[in-house]
Amino acid sequence: DQQVKQNSPSLSVQEGRISILNCDYTNSMFDYFLWYKKYPAEGPTFLISISSIKDKNEDGRFTVFLNKSAKHLSLHIVPSQPGDSAVYFCAASTTSGTYKYIFGTGTRLKVLA
Amino acid sequence: DTAVSQTPKYLVTQMGNDKSIKCEQNLGHDTMYWYKQDSKKFLKIMFSYNNKELIINETVPNRFSPKSPDKAHLNLHINSLELGDSAVYFCASRKGGGNEQFFGPGTRLTVL
């Protein structure tokens, strides 16, 4: 039973346009959500996060939106740059107990120059 | 300076062998994790230690045994390796009170 899902395995976007990556979760106990970016042969690197008490968090070109009623979050990258081409993982956790992350299966973003 | 390091980066071995992967973090974090990324690219938690104490132990065969000699190190021993153990194994660490985990570069294990 996959509690965190990224239904789009890949996405191609033109440079300068907006990239929107989506993530759905099923467990209503999750209260903290993160996005990680991963280049080939490297470990995931933290990008941005959001607590369930917020519905938006912004950091430069990256914005994460959380819709708790729909159990859905999205990552917006604008403007997209070729260096953003990577695999993006969303992760969900609870902030009590063990902080165990549950990861989605990732979306490969390709930004075309 | 690498914050979370793993050795080796690549490991190729025969079925039935016993092998270890080492992880070290120089961030002063209290909690460390092992994840497995399988052929479907699914990143799944295996173990977590907090200050040398095991706090997460997912449904993992007991051929896998984590060992934390101190809070900066978390090693993974795998006995009697099987073909299905082939994967990329990632170590991660987290500061007490923080939410973000910091990952190492991964160890690609190939069992022949």
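These figures come from a predicted structure and were not determined experimentally.

> Which parts of the structure should I look at to understand the side chain of Lys38(A)?
In this structure, Lys38(A) sits in strand β4 (residues 32–38). Buried charge without a salt bridge: Lys38(A), with Glu42(A) as the nearest opposite-charge side chain at an N-O distance of 7.8 Å. Ignoring sequence-local partners within four residues, the contact set of Lys38(A) consists of Gly43(A), Pro44(A), Ala86(A), Val87(A), Phe89(A), Gln37(B) and Phe90(B).

> For this particular structure, what's the right way to read the sheet that holds strand β1 (residues 4–7) of chain B?
What holds strands together in a sheet is hydrogen bonding between their backbones, with the strands either parallel or antiparallel. Residue and element names in this part refer to chain B. Taken together, four strands build an open sheet; the order of strands is β1-β3-β8-β7 and the sheet is antiparallel. Each edge of the open sheet is held by one strand with a lone partner, namely β1 and β7 (64–70). The mean inter-strand angle of the sheet, taken between neighbouring strand axes irrespective of direction, is 20°. Across four bridges, the pairing between β1 and strand β3 (residues 19–25) is antiparallel. Bridge pairing in β3 links threonine 7 to lysine 22.

> Sorry, what's going on with the packing of aromatic side chains here?
Both the distance between ring centres and the angle between the ring planes are used here to describe each pair of aromatic rings. Taken as a whole and judged by the stated rule, the model has 13 aromatic pairs over all chains. With centroids separated by 5.9 Å and ring planes inclined at 75°, the aromatic side chains of Phe103(A) and Phe103(B) adopt a geometry described as edge-to-face. Remark: Phe103(B) occurs in strand β10 (residues 101–103) and Phe103(A) occurs in strand β10 (residues 102–103); the pair is interchain, linking two chains. For the pair Phe103(A) and Phe103(B), a shared accessibility class is recorded, and that class is buried. With a centroid separation of 6.2 Å and an interplanar angle of 35°, the aromatic rings of Tyr33(B) and Tyr35(B) are classed as tilted.

> Looking at this model, I keep getting lost on the sheet that holds strand β3 (residues 19–25) of chain A. Mind explaining?
The five strands are arranged β1-β3-β8-β7-β6 (chain A) in an open sheet whose pairing can be described as antiparallel. The open sheet has two edge strands, β1 (4–5) and β6 (56–59) of chain A, and neither has a second partner.

Cut-off values and rules
Residues numbered from 1 in each chain as written. Chains lettered and ligands numbered in written order. Predicted model: local features only at pLDDT ≥ 70, side-chain atom pairs only at ≥ 80, totals over all residues. Heavy atoms only, no water. Helix = DSSP H or I, 4+ residues; strand = E, 2+ residues; numbered from the N terminus. Buried < 20%, exposed > 50% of the residue type's maximum accessible area, 1.4 Å probe, protein only. Lys, Arg positive; Asp, Glu negative; His and termini not counted. Salt bridge = Lys/Arg side-chain N within 4 Å of Asp/Glu carboxyl O. Contact = heavy atoms within 4.5 Å. Pairing = 2+ DSSP bridges. Axes fitted to C-alpha atoms, helices over the stretch in contact; angles between N-to-C directions. Phe/Tyr/Trp six-rings, centres within 6.5 Å; stacked < 30°, edge-to-face > 60°.

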